[in-house]
Amino acid sequence: MAFNSNNHLQPEDYSKLADHFVPDSNKVLAASPYDSQLGKNMARDARKVINGSLKIEDFHKVYSASLIKEFGDQYASGPMDTNQNSKAKSGTDPKWGMVIDLKKCIGCDTCTVSCKAENRTPPGVSYNVVLETIKGDFPNFSITNLPKPCMQCDNPPCVQVCPTRATYKMENGIVTIDNDRCIGCRYCMVACPYGSRSYDFGTSYEQEMAGFNDVTSPEYGVERGKRKKGAIPEETVRKCSFCYHRLQRGEEPACVETCIGDARYFGDMNDPNSVVSKLAASPRAFRLKEELGTKPRVVYLR
Amino acid sequence: MILKENIDNKMHAPKQKNGKLEKIYWISILIVFGIGIYSIITGYFMEGMESTNLSNIVPWGGWIAFYIYFIGLSAGSFLLSTLVYGFGMEKFEKIGRSALLSAIVCMITGILFVFLDIGRPDHVMNSVIYWNVTSTMSWEIHFYIVYLVLLIVELYFSMRNDLIVVAKNDNFKGKLSRFLTFNKKEYTDIDKVKDKKRLKIMGIIGIPLAILGVHGGTGSIFAVLKAQPYLNSALFPLIFIISALVSGTALSIAIYVIKCKVKKQQVDTSMIRSLGSMLSLFIVIEIIMVWYEFLVGFYGLEHEELGTLQLIMGSPYSWSFWIFQMGFALFFPLVILIIKKTRESINWILGASVMVLIGVVGVRFNMVIPTLIMPKIDGMPYGNYYMNLSEWLTSFGIIAMCLILYTIGEKLFPIDEIDSHENGVSKHE
Ligand code: SF4
Ligand code: SF4
């Protein structure tokens with residue numbers, strides 16, 4: 001997707017680079033002990049797999065016989081393996097969840113700041129906030145700091161009401177917004193019981209922070225280049241995505257990673273042995289506005 | 001008698017004065033419309049939603065309130081017209097077509113308001129293409145389209161006989177009518193029976209469409225929101241419908257009486273009186289419903305709902321509740337329509353209707369804004385919302401457009417029945 005932006009090299013450009021790397025590539029390849037035509041064909045089809053026009057299973061089907069012939073036992077994976085893998089996997093795909101320990105939260109707002117930095121949210125948009133409430137009178141009082149991201153509800157009211165299906169539940173448990181489809185009606189904002197959604201009014205920190213507009217975060221894995229007036233996601237609705245783009249690279253959400261008191265835990269709720277699954281079963285666990293039946297995937301420990 | 005008076009009136013009425021009045025009307029309305037267009041372009045199109053006072057806490061504001069106001073006017077006046085076309089109550093025949101025309105115009109206005117409230121007009125077709133079956137708003141968008149088409153077809157058939165009469169003229173109106181009637185020369189009795197039947201069918205299809213689809217449905221856009229306990233009640237769509245009837249009846253009375261006054265025609269007193277008593281009936285039903293809505297709300301002791309009620313009734317915003325919702329929309333008109341002396345006077349009934357029309361704006365604002373101002377979770381800030389200048393100018397511009405459309409409709413089409421006052425025909429000849 002990075003290829004789409006004009007500032008980057010196009011796939012053809014890479015081929016050109018490679019073509020001029022050595023004077024005659026075929027000569028060099030012929031010196032190799034392995035079948036160079038097979039390698040070139042595989043490279044061609046691998047590109048198809050990457051751009052989505054060929055399935056990885058089909059790729060393996062086509063090449064595994066020749067690969068076994070070429071490399072013998074050194075060749076490790078075949079089409080059967082991947083098939084079995086994907087079947088076996090389908091039951092245990094991760095379903096992300098978060099646990100926040102309120103006793104550990106000191107209300108420092110690091111998560112809020114790191115979220116703003118990671119997702120490069122404009123003024124007025126905060127995917128995560130920490131709500132501070134004081135209950136009781138001195139000396140018998142308590143202060144609660146309640147960090148509040150999007151709850152990624154399992155029965156999300158926002159998804160129920162969106163007229164265009166621009167916001168929907170993904171299999172991994174995350175509720176996503178397709179900003180290319182969103183019409184900006186803000187019905188979902190009115191429907192969310194947790195106030196988790198914000199509207200991108202098109203404002204920017206450019207005045208205070210030179211270069212703010214130059215990079216946007218690749219939310220939901222979509223690289224959008226510079227922030228420009230009138231370009232998506234402006235004038236659409238935005239919210240916390242559990243840092244889906246970070247999950248794709250195998251990293252935790254920014255708020256979890258930076259929390260100074262280690263109050264946040266993140267992981268796979270489908271895996272009964274994960275830390276989050278265990279903590280979510282603790283007697284201290286509760287969810288916000290449980291009575292509404294929205295089934296939040298963010299669990300708090302009181 | 002009536003006829004003679006009409007003609008007399010016409011002769012005595014200084015023609016110039018009427019012309020001058022019309023000029024003033026057009027100039028002022030075009031100025032307001034022009035300013036509105038200017039503010040739409042500089043605000044909505046150049047700055048987007050940033051030009052409004054909306055925020056992430058109060059994401060819906062005045063435009064949404066005006067949108068449900070006009071949808072309500074449309075559904076209400078349509079339901080009134082079904083008394084004529086669906087149920088054959090000839091008594092109200094005189095307001096039938098103008099009620100249909102105002103239903104169409106108000107519908108267009110309402111849709112325009114909600115269109116302006118959408119952040120990405122370039123994506124708007126997505127709401128028609130991608131239908132989310134669980135979304136009330138998605139259903140509404142489709143209902144609105146069907147309903148608008150039905151209204152236009154119904155208006156066409158209700159005035160076809162007169163269109164054929166007008167088509168005999170040689171001016172622009174005549175040409176337009178000829179085009180619309182496909183050059184049909186004569187309106188036979190068979191046509192008349194057929195059209196009556198068509199109108200009846202459309203009126204009857206229209207009733208569930210207007211009640212369940214358009215207005216009840218618009219009410220459910222709000223009522224299904226469990227995030228807003230104040231709105232989340234089964235009574236809410238019904239209150240929507242009944243207040244649509246209140247405002248629609250008031251609109252029809254106001255249009256008819258004002259039109260008669262401007263044209264110096266005799267007002268059909270008995271019809272206005274019975275419309276007036278209908279209005280009072282609707283107001284009473286609305287008061288009962290609102291009473292139970294608040295009663296149950298208070299007994300629920302739910303923190304957010306109590307907070308919202310407090311915002312509505314006892315906060316710096318509560319003038320809109322006490323003066324507009326309670327005073328203008330319910331209490332004052334009800335008193336006027338109950339006291340014997342005032343309920344028989346046309347002017348008082350007109351006054352009550354105009355009050356209702358102003359008051360219901362407040363009702364609609366109170367449906368949308370206070371519940372959003374109330375924080376959803378302890379520790380979140382209260383919202384603060386007033387419409388800013390740009391929003392007001394835009395709204396007035398669109399309302400001016402509504403009047404322009406209505407007046408043009410009245411001018412181009414035979415909205416008043418031609419044979420009910422014959423001097424109408426003589427005007428065209
Ligand atoms: S917290 Fe709000 S925005 Fe997030 S999934 Fe639930 S309803 Fe949707
Ligand atoms: S603002 Fe966008 S995501 Fe939200 S309900 Fe409307 S179309 Fe759906």
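Scroll up to find the structure.
Residues numbered from 1 in each chain as written. Chains lettered and ligands numbered in written order. Predicted model: local features only at pLDDT ≥ 70, side-chain atom pairs only at ≥ 80, totals over all residues. Heavy atoms only, no water.

### Remarks on the overall build of chain A
The condition that has to hold: Comment: elements are numbered from the N terminus, with helices defined as DSSP H or I runs of at least four residues and strands as E runs of at least two. Exposed residues in this analysis have more than 50% of their type's maximum accessible area, buried residues have under 20%, and partly exposed residues fall in between, with area computed by a 1.4 Å probe over protein chains only. All accessible areas in this document rest on Shrake-Rupley with a 1.4 Å probe, and a residue is counted as covered only by the protein chains that are shown.
When helices and strands are tallied, chain A shows 11 helices and 10 strands. Counting across all 302 residues of chain A, residues that qualify as buried make up 44%. Just so you have it, chain A exposes about 16300 Å², and 55% of that area is on carbon and sulfur atoms.

### So, the sheet that holds strand 1 (residues 96-101) of chain A
Residues and elements named next belong to chain A. Rules: For two strands to be treated as a pair, DSSP must find no fewer than two bridges joining them.
With mixed pairing, the four strands of this open sheet are ordered in space as 8-1-10-9. Each edge of the sheet is formed by a strand with only one pairing partner; in this case those strands are strand 8 (264-268) and strand 9 (285-286). In this sheet, strand 10 (residues 298-301) lies alongside strand 9 in antiparallel orientation, the contact comprising two bridges. In the sheet register, Ala285 faces strand 10, and the bridge partner there is Leu301.

### What to know about the pattern of salt bridges
Residue and element names in this part refer to chain A. To keep it simple, the criterion reads: A side-chain nitrogen of Lys or Arg and a carboxyl oxygen of Asp or Glu constitute a salt bridge if their distance falls within 4 Å.
Per the counting criterion, the structure on display carries 23 salt bridges over all chains. Taking the shortest distance from any N to any O, the salt bridge between Asp58 and Lys61 comes out at 3.9 Å. Of the two residues, Asp58 and Lys61 are both situated in helix 4 (residues 56-71); the distance of three residues between them amounts to about one turn of the helix. On the basis of relative accessible area, Asp58 is assigned to the partly exposed category, the value being 33%. Using a relative accessible area of 54% as the deciding quantity, one classes Lys61 as exposed. For the salt bridge of Asp200 with Arg227, the shortest nitrogen-to-oxygen distance reads 2.9 Å. With a gap of 27 residues between them, Asp200 in the loop between strand 6 (198-199) and strand 7 (237-238) and Arg227 in the loop between strand 6 and strand 7 connect regions that are remote in the sequence. Members of the salt-bridge network, linked through shared partners, are Asp200, Glu219, Arg227, Glu234 and Arg238.

### Structural notes on the interface of chain A and chain B
Put simply, the rule reads: We call two residues in contact when some of their heavy atoms are within 4.5 Å. A 1.4 Å probe defines the accessible area here, and the buried area is the portion of it lost by two parts on being joined, summed over both. Two N or O atoms count as a polar contact when they lie within 3.5 Å, although within protein this holds only if one can serve as hydrogen donor and the other as acceptor, and sequence-adjacent residues are included solely when both atoms are side-chain atoms. Gly counts as polar in this scheme, as do all residues outside two lists: the nonpolar Ala, Val, Leu, Ile, Met, Phe, Trp, Tyr, Cys and Pro, and the charged Asp, Glu, Lys and Arg.
Facing 44 residues of chain A, the contacting portion of chain B comprises 41 residues. Approximately 3400 Å² of surface area, both sides summed, lies buried where chain A meets chain B, with 58% of it carried by carbon and sulfur atoms. It is A:Tyr187, A:Val190 and A:Phe201 that lose the most area in chain A upon contact with chain B, and together they represent 21% of the buried surface on that side. Here chain A is connected to chain B by two salt bridges. The interface formed by chain A and chain B includes 27 residue pairs in polar contact (both at pLDDT 80 or more). Of all the secondary structure elements, the ones that give two or more residues to the side of chain A that touches chain B are strand 2 (129-137), strand 3 (140-148), helix 7 (157-161), helix 8 (187-191) and strand 6 of chain A. Taken together, the residues of the side of chain A that touches chain B break down into 23 nonpolar, 11 polar and 10 charged.

### Digging into the side chain of B:Ser280
Residue and element names in this part refer to chain B. The residue Ser280 is located in helix 11 (residues 269-300) in this model. On the basis of relative accessible area, Ser280 is assigned to the buried category, the value being 12%. In contact with Ser280, other than residues within four places in its own chain, are Leu334 and Leu337.

### Considerations on the site of ligand 2
Quick note on the threshold: Being near a molecule or strand, for a residue, comes down to having at least one heavy atom within 4 Å of it.
Taken together, the residues surrounding ligand 2 are A:Cys162, A:Pro163, A:Thr164, A:Cys182, A:Ile183, A:Gly184, A:Cys185, A:Arg186, A:Cys188 and A:Val237. The residue inventory of the shell around ligand 2, partitioned by class, reads seven nonpolar, two polar and one charged.

### A short note on the site of ligand 1
Taken together, the neighbourhood of ligand 1 is formed by 14 residues, with A:Cys150, A:Cys153, A:Cys158, A:Cys192 and A:Arg197 sitting nearest. Looking at the shell around ligand 1 residue by residue, the classes come out as 10 nonpolar, two polar and two charged.

### A look at unusual backbone geometry
All names here are of chain A. Cis geometry marks the peptide bond from Phe138 to Pro139, where omega comes out at 0 degrees. Mapped onto the fold, Pro139 is located in the loop between strand 2 and strand 3. The peptide bond linking Ile232 to Pro233 adopts the cis configuration, its omega dihedral lying at 5 degrees. Mapped onto the fold, Pro233 is located in the loop between strand 6 and strand 7. Non-glycine residue Cys243 carries a positive phi angle of around 50 degrees.

### Here we look at the packing of helix 9 (residues 189-223) of chain B against helix 10 (residues 235-263) of chain B
The angle between the axes and the distance between the axes are what describe a pair of packed helices. Residues and elements named next belong to chain B. Where we set the bar: Angular values range over 0 to 180 degrees, each being the angle between N-to-C directions of two axes fitted as lines to C-alpha atoms, with helices fitted over their stretch in contact. An angle below 35 degrees is treated as roughly parallel, one above 145 as roughly antiparallel, one from 65 to 115 as roughly perpendicular, and anything else as oblique. In a left-handed crossing the near helix is turned counterclockwise from the far helix by less than a right angle, and in a right-handed crossing that turn is clockwise.
Packing of helix 9 against helix 10 leaves a shortest axis separation of 8 Å and a crossing angle of 130 degrees. When the axes of helix 9 and helix 10 are compared, the pair comes out oblique. Two packed elements cross with a definite hand, and for helix 9 against helix 10 that hand is right-handed. Each of Ile211, His215, Gly216, Thr218, Gly219, Ser220, Phe222 and Ala223 in helix 9 lies in contact with helix 10, whose residues at this interface are Phe236, Pro237, Phe240, Ile241 and Ala244.

### Overview of a nonpolar patch on the surface
Spelled out, the test is: The patches described consist of residues with a relative accessible area above 30% and no salt bridge, like charges being joined within 9 Å and nonpolar side chains (Val, Leu, Ile, Met, Phe, Trp, Tyr) within 5 Å.
On the surface, a nonpolar cluster with roughly 840 Å² of combined accessible area is contributed by B:Val284, B:Ile288, B:Trp291, B:Tyr292, B:Leu295, B:Val296, B:Phe298 and B:Tyr299. Among the structural elements, B:Val284 can be located in helix 11.

### Details of the packing of helix 4 (residues 93-116) of chain B against helix 10 of chain B
Residue and element names in this part refer to chain B. Across the interface, helix 4 lies against helix 10 with an axial gap of 10 Å and an inter-helix angle of 115 degrees. With respect to the hand of their crossing, helix 4 and helix 10 are arranged in right-handed fashion. Of the residues in helix 10, those in contact with Lys94, Ile95, Ser98, Ala99, Ser102 and Cys106 of helix 4 are Leu251, Ser252, Ile255, Tyr256 and Lys259. Class assignment for the residues of the contact of helix 4 with helix 10 results in six nonpolar, three polar and two charged.

### Comments concerning the packing of aromatic side chains
Here is the rule we go by: Here the aromatic set is Phe, Tyr and Trp, taking the six-membered ring for Trp, and pairing holds for ring centres within 6.5 Å; pairs whose planes are under 30 degrees apart are stacked, those over 60 apart are edge-to-face, and all others are tilted. The rule for a charge over a ring is simple: NZ of Lys or CZ of Arg within 6 Å of the ring centre, and within 35 degrees of the ring normal.
Counted according to the given criterion, the structure contains 32 aromatic pairs over all chains. Summarising the aromatic geometry, the rings of B:Tyr44 and B:Phe45 are spaced 5.0 Å apart at their centres and angled 75 degrees between planes, so their arrangement reads as edge-to-face. B:Tyr44 sits in the buried class, given a relative accessible area of 6%. Through pairs of rings, three or more aromatic residues link up here, namely B:Phe66, B:Tyr69, B:Phe70, B:Phe113, B:Phe365, B:Trp392 and B:Phe396. Taking NZ or CZ as reference, A:Arg181 lies 3.4 Å from the ring centre of B:Tyr130, over its face. If you follow A:Arg186 out to its NZ or CZ, it ends over the ring of A:Tyr199, 5.0 Å from the centre.

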